[in-house]
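Below are the chains, spelled out letter by letter.
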Amino acid sequence: MLGLPAGGFVYKFQRSALLAVLMVGAALPLRAAPVDRGESGNAMKGQVTNPLKLPRERQDWVGIKLLGILKRKPEMAAAAAEIVTRAESDSGILGAVSSGAPVLSTNFDSVRGSGLEPPDPDMAVGPSDLIASTNYGLQIHSKTGAPIGGILGLKSFFAVPNSYNIISDPKFIYDSESGRYFGVLIGYSNSTRKGAWFLVTSTTNSASGTWNTFRVEIASKLPDYPGFGVCSDKLLLSANNFGVKLGIPFNFTGTVAVALNKSQLVGGNPSVAYTIFGNSGGGLKDSAGAQIFTLQPARGLSANTTCHLVSVNGTTNAKAQLYRVTGVPGVGGGAVLTTGLNLPIAPISSPVKVPQLGSSIKLDSGDNRILDSVYRNGVLWGSFNSGCTFAGDTTKYDCARVFKIGDVDGTASVQFDGSYGAAGFYYTYPALSIDAAGNMTTVFTASNSTIYSSVRFGGLAAGATALEPSALLVSSGAPYTGTRWGDYLGADFDSTDGSIWVIGEYKPAGTGFWGTYVGKTQF
């Protein structure tokens, strides 16, 4: 969420989302299907970027200034939900995986940075290489982990004009249908009073080739915490819009989504048609007319001209709200967003701050907004943080929640709802992906007062009803003494061999830098 680059303090903000958790249940009949035809525009094409020829960008992240919590509205009280389906024992936290769990085959260090938090690690994997992203910069790797070139600065890679003094939250997708990488970064310019999504599209299936840059602007708002998804003919963005005053975001103005013409992006057209939904009228609403907070477009892993999106909302009467975008911006009747089923889900409560070994500083667990979403063959998976309790223990911990919604192209229903968690432990920031057989792999952080923060991975085998025990990817070698930890991790499917790659954050020993770590897993 938010970074202020070069020559100033870095601003990062935590926000309280509407609360939700998913449980297995039947879909409610849809009373109505509100349709939003949005507002049309054209993305501006910028320069062609060659990452291997970019000048070294000076990383002037010099400090951190936390500005307190921006809340969409006062948080409702809710009891912690005892719905954990993978309750690992204390001794099992560092135990071996079972024979049915995803197995780690490759792992290596990636971007390290200091003076900026949180790192917000994400990644995308193509046929021959991968790109890892953080708020400090980007790194292209071969699939053996060897760096290809140096750390790439965000401003030069995304062709951000100098007037933009706030940039943050880079995310990447590799789309096997088009054979292209896509990336997004958000920003805001105090001088022009414009926010923007900065987009990049590779011109080949390699991250180390050239990239085209584009920009979608929005007046007087900062589009924070971007969601990023793709289907056969569209690229989807989302964001929580905030009004900005004196350079500081201060009021939530609504959640929006943007659909872009994918073929025009891939073709490097000088003008790319887009449609923005929810920009007028206070942002997108659920099917009951209530305002939502945070929307995740799904990363499509199978052919589908319908793009799916999901949000979660409510507390004890929580819901998972589905949306669909059909049509193509700039073609025929254009793109249309339809508000779909609002599925009943189990109550949850907000996560709590996370203790760690060797320091009284507790790690920020964020909130319980939807964090990640992926689609394949009619099935949508999602993930988020949740407060949780365990039988015989009244203490509230954090669990990494994952859920599965089936038949999202028809009459959707929740088919799986589970958590990674254990009494005495705090699991946060789950990301996930699924392979062609339907196996789901998830990555998350784990910590408590007896261990340093660590990155773990686990999953659900296709057809299984219980999550596999998780396994360790990397453990910190020292306590993290900053204040922000998150706001998301990354996972991506590798279409060349069916594996799933994950990236998380940790604190290496003997350095003031945080680190990121990459692993290749396979069921």
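Everything quoted here is computed from the prediction, not taken from an experiment.

The rules we used
Residues numbered from 1 in each chain as written. Predicted model: local features only at pLDDT ≥ 70, side-chain atom pairs only at ≥ 80, totals over all residues. Heavy atoms only, no water. Phe/Tyr/Trp six-rings, centres within 6.5 Å; stacked < 30°, edge-to-face > 60°. Helix = DSSP H or I, 4+ residues; strand = E, 2+ residues; numbered from the N terminus. Lys NZ or Arg CZ within 6 Å of the ring centre and 35° of its normal. pLDDT = per-residue confidence, 0-100. Contact = heavy atoms within 4.5 Å. Disulfide = S-S within 2.5 Å. Buried < 20%, exposed > 50% of the residue type's maximum accessible area, 1.4 Å probe, protein only. Pairing = 2+ DSSP bridges. Axes fitted to C-alpha atoms, helices over the stretch in contact; angles between N-to-C directions. Salt bridge = Lys/Arg side-chain N within 4 Å of Asp/Glu carboxyl O. Core = buried A, V, L, I, M, F, W, Y, C linked by side-chain atoms within 4.5 Å.

1. Re the packing of aromatic side chains
Then step 1. In this structure the tally under the stated criterion is 20 aromatic pairs.
Then step 2. Centre to centre, the rings of phenylalanine 252 and phenylalanine 293 are 4.9 Å apart; their planes meet at 70 degrees, and the pair counts as edge-to-face. You can see phenylalanine 252 sitting in strand E19 (residues 248-261) and its partner phenylalanine 293 sitting in the loop between strand E20 (271-277) and strand E21 (296-297), a full 41 residues away along the chain.
Then step 3. Three or more aromatic residues link up through ring pairs in this structure, and these residues are Phe157, Phe158, Phe172, Tyr174, Tyr181 and Trp211.
Then step 4. Over the face of the ring belonging to tyrosine 225 we find arginine 369, whose NZ or CZ atom lies 4.5 Å from the ring centre.

2. Some thoughts on the confidence of the model for the chain
Detail in the predicted coordinates should be disregarded across regions flagged by low pLDDT.
Then step 1. Model confidence for the chain is summarised by a mean pLDDT of 85, while 84% of its residues fall at 70 or above.
Then step 2. Note on residues 3-32: pLDDT is under 50 here. Beyond four places in sequence and across chains, it has 159 contacts.
Then step 3. In this model, residues 89-97 is a region of pLDDT below 50 whose contacts with residues beyond four sequence positions or in other chains number 14 contacts.

3. Focus on the state of the cysteines
Then step 1. Per the counting criterion, the structure on display carries two disulfides.
Then step 2. The partner cysteine of cysteine 388 in its disulfide is cysteine 399, sulfur to sulfur 2.1 Å. Disulfide cysteine 388-cysteine 399: the torsion about the S-S bond is 85 degrees, which places it as right-handed. Of this pair, cysteine 388 sits in strand E29 (residues 379-390) while cysteine 399 sits in strand E30 (residues 393-406); the two residues are eleven residues apart in sequence, bridging distant segments of the chain. As far as the burial class goes, cysteine 388 and cysteine 399 line up, both buried.
Then step 3. Among the cysteines of the chain that take part in disulfides, numbered as they appear in the sequence, the pairing is 1-2, 3-4.

4. Regarding the environment of alanine 124
Then step 1. Positionally, alanine 124 belongs in strand E9 (residues 122-125).
Then step 2. Taking the relative accessible area as the measure of exposure, alanine 124 reaches 0% and is therefore buried.
Then step 3. Taking C-alpha positions, alanine 124 is 8.3 Å from tryptophan 501, a pair spaced 377 residues apart along the chain.
Then step 4. With near-sequence residues (within four places) excluded, alanine 124 lies in contact with Leu130, Ile131, Phe172, Ile173, Tyr174, Tyr181 and Asp492.

5. Considerations on unusual backbone geometry
Then step 1. Cis geometry is found at the peptide bond from glycine 486 to aspartate 487, where omega equals 0 degrees.
Then step 2. Along the polypeptide, aspartate 487 turns up in the loop between strand E35 (471-475) and strand E36 (490-493).
Then step 3. The backbone phi angle of aspartate 120 is positive, close to 55 degrees, even though this residue is not glycine.
Then step 4. On the secondary structure map, aspartate 120 appears in the loop between strand E8 (103-113) and E9.
Then step 5. Phi is positive for aspartate 407, which is not a glycine, with a value near 50 degrees.
Then step 6. Here aspartate 407 is to be found in the loop between E30 and strand E31 (413-421).
Then step 7. For aspartate 407, a relative accessible area of 41% puts it in the partly exposed group.

6. Notes on the sheet that holds E36
Then step 1. In spatial order, the strands read E8-E38-E37-E36; together these four strands make up an open sheet with antiparallel pairing. Each edge of the open sheet is held by one strand with a lone partner, namely E8 and E36. Across the sheet, the mean angle separating the axes of adjacent strands is 20 degrees when strand polarity is ignored.
Then step 2. Bridge count for strand E37 (residues 500-506) against strand E38 (residues 514-522) is seven bridges, and the pairing is antiparallel. Its bridge partner lying in E38, tryptophan 501 is registered against lysine 520.

7. As for the sheet that holds strand E25 (residues 331-344)
Then step 1. The sheet built from five strands is open, its strands ordered E3-E25-E24-E23-E21 with antiparallel pairing. Strands at the two margins of the open sheet, each flanked by one partner only, are strand E3 (35-36) and E21.
Then step 2. In the sheet, E21 pairs with strand E23 (residues 307-313) via two bridges, with the strands oriented antiparallel. Residue pairing across strands places proline 297 opposite leucine 309, the latter belonging to E23.

8. Some thoughts on the pattern of salt bridges
Then step 1. Tallied over the entire structure, the rule returns 13 salt bridges.
Then step 2. Two residues, aspartate 367 and arginine 369, come together in a salt bridge whose shortest N-O distance is 2.9 Å. Of the two residues, aspartate 367 and arginine 369, neither departs from the other in class, the shared state being buried.
Then step 3. The partner of lysine 520 in a salt bridge is aspartate 497, with the nearest N and O atoms 2.7 Å apart. One end of the pair, lysine 520, is in strand E38; the other, aspartate 497, is in the loop between E36 and E37, with 23 residues separating them in the sequence.
Then step 4. Among the residues examined, lysine 520 registers a relative accessible area of 15% and is labelled buried.
Then step 5. Linked by salt bridges that have partners in common, Lys353, Asp364, Arg484 and Asp487 make up one network.

9. Topic: the environment of threonine 339
Then step 1. Here threonine 339 lies in strand E25.
Then step 2. The buried category is assigned to threonine 339, whose relative accessible area is 6%.
Then step 3. Distance in space between the C-alpha atoms of threonine 339 and alanine 288 is 9.9 Å, their sequence separation being 51 residues.

10. Observations regarding the nonpolar core
Then step 1. Among the nonpolar cores identified, the biggest contains 70 residues, and Leu343, Trp381, Ile405 and Met440 are the most heavily contacted of them.
Then step 2. For tryptophan 381, the contacting residues outside a window of four places in its chain are Asp372, Ser373, Val374, Val402, Phe403, Lys404, Phe416, Leu432, Ile434, Met440 and Leu460.
Then step 3. Judged by nonpolar contacts, the second largest core, of 26 residues, contains Phe182, Tyr188, Val244 and Leu265.

11. Comments concerning the pairing of strand E27 (residues 359-363)
Then step 1. Two strands pair when backbone bridges link them, and strand E26 (residues 354-356) and E27 are joined in this way by two bridges, in the antiparallel orientation. The residue of E27 that forms the bridge with valine 354 is leucine 363.
Then step 2. Counted between consecutive antiparallel strands, the loop separating E26 from E27 contains two residues, among which glycine 358 sits at a positive phi close to 85 degrees.

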